[in-house]
2 protein chains.
Amino acid sequence: MRFNTIQYKKGRLTIIDQRMLPLKIRTIEADSIKDVYSCIQTLAVRGAPAIGVFAAYGLVIGVKKLKPAEKKYFFKQLFRIIDYLKSSRPTAVNLSWALDRMKNVACDNYAKKISTITGILLKEAKVIHREDKAQCEKIGAHGAKLIKNGDAILTHCNAGCLATTGSGTALAVIYKAKQQGKKINVYIDETRPLLQGARLSAWEMQQRGVDITLICDNMSGFIMKQGKVDKVIVGADRIARNGDTANKIGTYSLAVLAKAHNIPFYVAAPSSTFDFTLKNGREIPIEQRSQEEVKKIMNVYHAPKKVKAYNPAFDITPADYISAIITEKGVIERPCSRKLKRLNVKTLKR
Amino acid sequence: MRFNTIQYKKGRLTIIDQRMLPLKIRTIEADSIKDVYSCIQTLAVRGAPAIGVFAAYGLVIGVKKLKPAEKKYFFKQLFRIIDYLKSSRPTAVNLSWALDRMKNVACDNYAKKISTITGILLKEAKVIHREDKAQCEKIGAHGAKLIKNGDAILTHCNAGCLATTGSGTALAVIYKAKQQGKKINVYIDETRPLLQGARLSAWEMQQRGVDITLICDNMSGFIMKQGKVDKVIVGADRIARNGDTANKIGTYSLAVLAKAHNIPFYVAAPSSTFDFTLKNGREIPIEQRSQEEVKKIMNVYHAPKKVKAYNPAFDITPADYISAIITEKGVIERPCSRKLKRLNVKTLKR
């Protein structure tokens, strides 16, 4: 089946609701700023690049609903919406990156009519969307060079079509390698608590005919020891300027395990995931989510209801553990501040 | 609440059904050899020491149901039951250890009347049961010496009251340290696919007033990196004579992560868990369980139904990763063949 992670058509912003996939396949519409916030916060739409695109369109939805007002008041409202949307999830920087880009475009056109600015914002959201799709292709092409015929690849969470508006980041590499005729098999860990691996990656890779094997998160060390894994590839939610990478909780464990077994560990992400304002990973904010997500699975309790639980949504993998970062601009092996500087990623005004 | 993991009273063998704990608390009776087999195979009763005790009583249930027969035929049937029960689960050696012990006692008393032999078998099962309880206490006492006031301990799966007929192995150490007035806090990982950590360990530790925090399996590396873990303690299903240890899947990953963070990694197990017939961990059979256990949680699918899954129930942790093995006979630091030999564990005739 074909699906659109995010679609903006005739003024309507729709997404495939990822919360109950693959059990329930349904499209929902975000018709207000509150809807947009809630879709991001509850993970109806997730994945760092996807929430960037979604927030950009979301801002347009919000701006269109504003009552006619003076320019000054319009901008005040615009900034308020931007701050509100930014607060929906703290870790993935693509969200604030996209909103800052929208903000800058609006400010650059302050002198124009409000209706013109609104049109410019929509145009910019469409550019961000188009760029995201194109970047996925490029990440796939650069990354596929690292994949050999016969490779067994372990991936985590979902860094695929559902996390972007194109073919993904980590999974774009897999799709591209497969398309090139390389015979590969992929282990996907289920990625508790929200099971993005088992629900989303397994589902989309299965549709694309990838040879996949689902494992539980705690099996990764054992399959590495058994020699079943040649490479690990994951996505990213924010990368500090020294290469330290925030990604879905569990990524750090995989990186340590990969290192202990001499398995290359790759991060695939567009340049919008880099945050050059941060010196290292210690400065990346880690979202803490509800304890209930750990005590429940698919909304049903399996653990005692009153037990305490810890639920960081992300962890930080130090650059030392990363063999290479795959971006749309190329592959940076053994990433460090010096090499990443050469990426020439613009830090946006905030 | 008080519960009996296994109870044998007035000829009736009952267990607390661990499959739906803590959602449903119910006792079930094993009234035939088929019941006994099925209770072990489906994990209604689980935990290496507990299934040893249960199989010993189970054999008695089976023998009592045999039709009156000649001695030779009685023994043939007895051996058949033993082989059948041994085949219920392959990894935990305590199961065959207990059944071999029962077999040897029967053989030693071959000359006696069948009814006398049956009585002797019941007596032996009760001795195994009593010994198991006592060993838990001793493991707790020896292990608690390793625990300092203020320690944060990570444990995996369930190596507690529900895995034994006493206070457990790994959890016995925790219970004893707490009883000694040491202030400790415990991280318990949920232990997919069957969630023994979230369902069983969280439940029994909560009842005993232990300060616990539930995490998902993939969070362990991150909490170690954050300095939240001082020690890791796990149980064991079989220990080869060089100290290589089979335990619930996920144990090996924890051991590698603990080593990478310089955190002591302890294994707690009674001497019945040692298998001196095996040179090392490579010789330990690993039970492969149904793929459905990975694709479902609490009997509900979350992954695509037709996806392939891998489900080894155990993994092997090489002795190099184990700081010490805690047994009822004492603590063996940095275990190796030479040191384990001194344990003087009898290898039973088979």
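Residues numbered from 1 in each chain as written. Chains lettered and ligands numbered in written order. Predicted model: local features only at pLDDT ≥ 70, side-chain atom pairs only at ≥ 80, totals over all residues. Heavy atoms only, no water.

Remarks on the overall build of chain A
Defined as follows: The helix count covers DSSP runs of H or I at least four residues long, the strand count covers runs of E at least two residues long, and both are numbered beginning at the N terminus. Note on method: radius of gyration uses C-alpha positions; expected globular size equals 2.2 Å times residues raised to 0.38. Only protein chains enter the accessibility calculation, which uses a 1.4 Å probe; a residue whose area is less than 20% of its type maximum is buried, one above 50% is exposed, and one in between is partly exposed. Contact definition: two residues touch when any of their heavy atoms are within 4.5 Å. Per-residue accessibility takes into account occlusion by the displayed protein chains alone, with areas from the Shrake-Rupley method and a 1.4 Å probe. Here Asp and Glu are counted as negative and Lys and Arg as positive; His is not counted, and neither are the chain ends. The location of each charge is read from NZ of Lys, CZ of Arg, CG of Asp or CD of Glu.
On a plain count of helices and strands, chain A comes out with 11 helices and 17 strands. The globule rule puts the C-alpha radius of gyration for 350 residues at 20 Å, and the 20 Å found for chain A is close to it. Seen along its three principal axes, the alpha-carbon backbone of chain A occupies a region of about 65 × 50 × 40 Å. Out of the 350 residues belonging to chain A, those deemed buried represent 64%. Contacts spanning at least 24 positions in sequence make up 75% of the contacts within chain A whose residues lie at least 6 apart. For chain A, the accessible surface area stands at approximately 13600 Å², while carbon and sulfur atoms represent 49% of it. Taking the average place of the 60 positive charges on the side chains of chain A and the average place of its 30 negative ones, the gap between the two points comes to 3 Å.

Quick notes on the relation of the copies chain A and chain B
Inclusion rule: To line up the copies, we fit them by least squares on C-alpha atoms, keeping just the residues with pLDDT of at least 70 in both.
With an axial shift of 0.0 Å and an RMSD of 0.0 Å, the rotation relating chain A to chain B amounts to 180 degrees. The relationship between the two copies is best expressed as a two-fold rotation axis. Of all interface residues in chain A, 100% are interface residues in chain B too; the two copies therefore contact each other through one and the same surface.

Observations concerning the packing of helix H3 (residues 71–86) of chain B against helix H5 (residues 114–144) of chain B
Residue and element names in this part refer to chain B. In plain terms, the rule: Throughout, an axis means a line fitted to C-alpha atoms (over the contacting stretch in the case of helices), and angles, computed between N-to-C directions, take values from 0 to 180 degrees. Roughly parallel covers angles under 35 degrees, roughly antiparallel covers those over 145, roughly perpendicular covers 65 to 115, and oblique covers all other angles. The nonpolar class holds Ala, Val, Leu, Ile, Met, Phe, Trp, Tyr, Cys and Pro. Asp, Glu, Lys and Arg form the charged class, and all remaining residues, Gly among them, are polar.
Contact geometry for H3 and H5: axes closest at 11 Å, N-to-C directions at 30 degrees. Relative to H5, the element H3 lies roughly parallel. Taking contact as the criterion, the partners of Lys71, Phe74, Phe75 and Leu78 in H3 are, on H5, Ile114, Ile117, Thr118 and Leu121. Here the residues of the contact of H3 with H5 are counted per class, giving 6 nonpolar, 1 polar and 1 charged.

Remarks on the packing of helix H5 (residues 114–144) of chain A against helix H6 (residues 170–179) of chain A
Packed helix pairs are specified by the crossing angle of their axes together with the interaxial distance, meaning the distance between the axes. All names here are of chain A. Note the cut-off: Left-handed describes a crossing whose near helix is turned anticlockwise from the far helix through less than a right angle; right-handed describes the clockwise counterpart.
One way to put it is that H5 packs onto H6 with a least axis distance of 7 Å and a crossing angle of 65 degrees. In this structure, the crossing between H5 and H6 has a hand that is right-handed. Where H5 approaches H6, its residues Cys136, Glu137, Ile139, Gly140, Ala141, Gly143 and Ala144 are matched on the opposing element by Ala172, Val173, Lys176 and Ala177. Per-class residue counts for the contact of H5 with H6 are 7 nonpolar, 2 polar and 2 charged.

Details of the nonpolar core
The condition is simple: Put simply, a nonpolar core is a bunch of buried Ala, Val, Leu, Ile, Met, Phe, Trp, Tyr and Cys residues held in one set by side-chain atoms that sit within 4.5 Å of each other.
Ranked by internal contacts, the top residues of the largest apolar core, which has 138 residues, are A:Met224, A:Val232, A:Phe265, B:Met224, B:Val232 and B:Phe265. Contact partners of A:Met224, with chain neighbours within four places excluded, come to A:Leu154, A:Val229, A:Val232, A:Leu254, A:Leu257, A:Ala258, A:His261 and A:Ile263. Core analysis: the next-biggest nonpolar cluster, separate from the first, contains 42 residues, A:Ile6, A:Ile33, A:Phe74 and A:Leu99 among them.

Some remarks on the pattern of salt bridges
Between side chains of opposite charge, a pair can form as their charged atoms come close. Cut-off, in case you're wondering: Any carboxyl oxygen of Asp or Glu that lies within 4 Å of a side-chain nitrogen of Lys or Arg is treated as forming a salt bridge with it.
For the structure on display, the rule yields 30 salt bridges over all chains. Notably, a salt bridge pairs B:Arg19 with B:Asp17, separated by 2.9 Å at the nearest N-O pair. On the accessibility criterion, B:Asp17 (3% relative accessible area) is buried. B:Arg89 is paired through a salt bridge with B:Glu287; the nearest N and O atoms lie 2.9 Å apart. With B:Arg89 in the loop between H3 and helix H4 (93–108) and B:Glu287 in the loop between strand S11 (274–275) and helix H10 (292–295), this residue pair connects regions lying 198 residues apart in the sequence. Here the two residues B:Arg89 and B:Glu287 agree in accessibility, since each one is buried. Shared partners join several salt bridges into a network, and the residues in it are A:Arg89, A:Glu287, A:Arg289 and A:Glu293.

Remarks on the sheet that holds strand S5 (residues 185–189) of chain A
Cut-off, in case you're wondering: Only when DSSP finds a minimum of two bridges between them are two strands counted as paired.
Taken together, 8 strands build an open sheet; the order of strands is S17(A)-S16(A)-S10(A)-S7(A)-S4(A)-S5(A)-S6(A)-S14(B) and the sheet is mixed. Strands at the two margins of the open sheet, each flanked by one partner only, are strand S17 (330–333) of chain A together with strand S14 (308–309) of chain B. Taken together, the 4 bridges between strand S16 (residues 324–327) of chain A and S17(A) define a ladder with antiparallel strand orientation. Within the sheet, the bridge partner assigned to A:Ala324 lies in S17(A) and is A:Glu333. Strands in contact with helix H9 (residues 251–260) of chain A are strand S4 (152–155), S5, strand S7 (231–234) and strand S10 (265–268) of chain A; relative to S10(A), the strand with the most contacts, it is inclined by about 145 degrees.

Considering the packing of aromatic side chains
All names here are of chain A. Defined as follows: Two rings belonging to Phe, Tyr or Trp (six-membered ring only in the last case) form a pair when the distance between their centres is within 6.5 Å. Interplanar angles under 30 degrees mark stacking, angles over 60 mark edge-to-face geometry, and anything in between is tilted.
Throughout the structure, instances matching the rule amount to 16 aromatic pairs over all chains. Arranged with centres 4.8 Å apart and planes meeting at 0 degrees, the rings of Tyr8 and Tyr57 form a pair that is stacked. Highlighted residues: Tyr8 in strand S1 (residues 6–9) and Tyr57 in helix H2 (residues 48–64), separated in sequence by 49 residues. Under the relative-accessibility criterion, Tyr8 is labelled buried at 12%. Here Tyr57 falls in the buried class, since its relative accessible area comes to 3%.

Focus: the confidence of the model for chain A
Segments scoring low in pLDDT should not have their predicted coordinates read at a detailed level. Rule in force here: Across the chain, each position has a pLDDT score giving the predictor's confidence in that residue, from 0 to 100.
Summary statistics for chain A give a mean pLDDT of 96 and a share of 98% for residues scoring 70 or more. What the predictor reports for the complex is a pTM of 0.96 with an ipTM of 0.96.

Observations concerning the pairing of strand S9 (residues 245–248) of chain A
Residue and element names in this part refer to chain A. As defined by bridge partners, strand S8 (residues 238–240) adjoins S9 across 2 bridges and the pair is classed as antiparallel. Residue Arg238 lies in a different strand from S9, and its bridge partner there is Ala246. Bridge count between S9 and strand S15 (residues 314–317): 4 bridges; the pairing is antiparallel. Each bridged residue has a counterpart across the sheet, and for Lys248 the counterpart in S15 is Phe314.

Comments concerning the side chain of B:Arg199
What counts here: Here a polar contact is taken to be a pair of N or O atoms separated by no more than 3.5 Å, where protein atoms must pair a possible hydrogen donor with a possible acceptor and residues adjacent in sequence count only if both atoms sit in side chains.
Inspection of the secondary structure puts B:Arg199 in helix H7 (residues 196–207). Although B:Arg199 lies buried, it forms no salt bridge, and the closest oppositely charged side chain, B:Asp17, sits 7.5 Å away as judged by the N-O distance. Within the structure, B:Arg199 has its side chain in polar contact with the backbone oxygen of B:Leu194 (distance 3.0 Å). Those residues in contact with B:Arg199 that lie beyond four places of it in its chain are A:His302, B:Gln18, B:Arg19, B:Met20, B:Leu21, B:Pro22, B:Leu194 and B:Met298.

Considering the interface of chain A and chain B
Just so we agree on the cut-off: Buried area: the sum, over both parts, of the accessible surface (1.4 Å probe) that disappears when the two are put together.
Contact residues are listed per partner, giving 56 residues for chain A and 56 residues for chain B. With both chains or domains summed, chain A and chain B bury close to 4400 Å², and 67% of this area falls on carbon and sulfur atoms. Linking chain A with chain B are 4 salt bridges, by the criterion used here. In this structure, A:Arg192 and B:Glu190 form a salt bridge, with 2.6 Å as the shortest nitrogen-oxygen distance. Counting every contact that joins chain A to chain B gives 23 residue pairs in polar contact (both at pLDDT 80 or more). Of all the secondary structure elements, the ones that give two or more residues to the side of chain A that touches chain B are helix H7 (196–207), strand S6 (211–215), helix H8 (220–225), H9, helix H10 (292–295), strand S14 (308–309) and S15 of chain A. In terms of residue class, the side of chain A that touches chain B is made up of 32 nonpolar, 13 polar and 11 charged.

Looking at empty space enclosed by the protein
Put simply, the rule is: Whether a set of points on the 1 Å grid over the protein atoms alone is a cavity depends on a 1.4 Å probe fitting there but being unable to get out, while an open set qualifies as a pocket with protein on both sides within 12 Å along at least five of seven lines; lining residues are those with an atom within 4 Å of a point. Grid points are joined across faces, edges and corners, and a volume is the space filled by probe spheres set on the points.
Tallied over the full model, the rule gives 9 cavities of 30 Å³ or more. Secondary-structure elements contributing two or more residues to the lining of the largest cavity are H2 and S9 of chain A. Counting residues per element, the lining of the largest cavity draws most heavily on H2(A), at 3 residues. A breakdown of the residues in the lining of the largest cavity according to their chemical character gives 13 nonpolar, 10 polar and 5 charged. Every residue lining the second largest cavity is counted, 23 residues in all, and those nearest its centre are B:Arg46, B:Gly47, B:Ala48, B:Asn158 and B:Asp237. Only helix H2 (48–64) and strand S9 (245–248) of chain B provide two or more residues apiece to the lining of the second largest cavity. Of the residues in the lining of the second largest cavity, the class split is 10 nonpolar, 9 polar and 4 charged.

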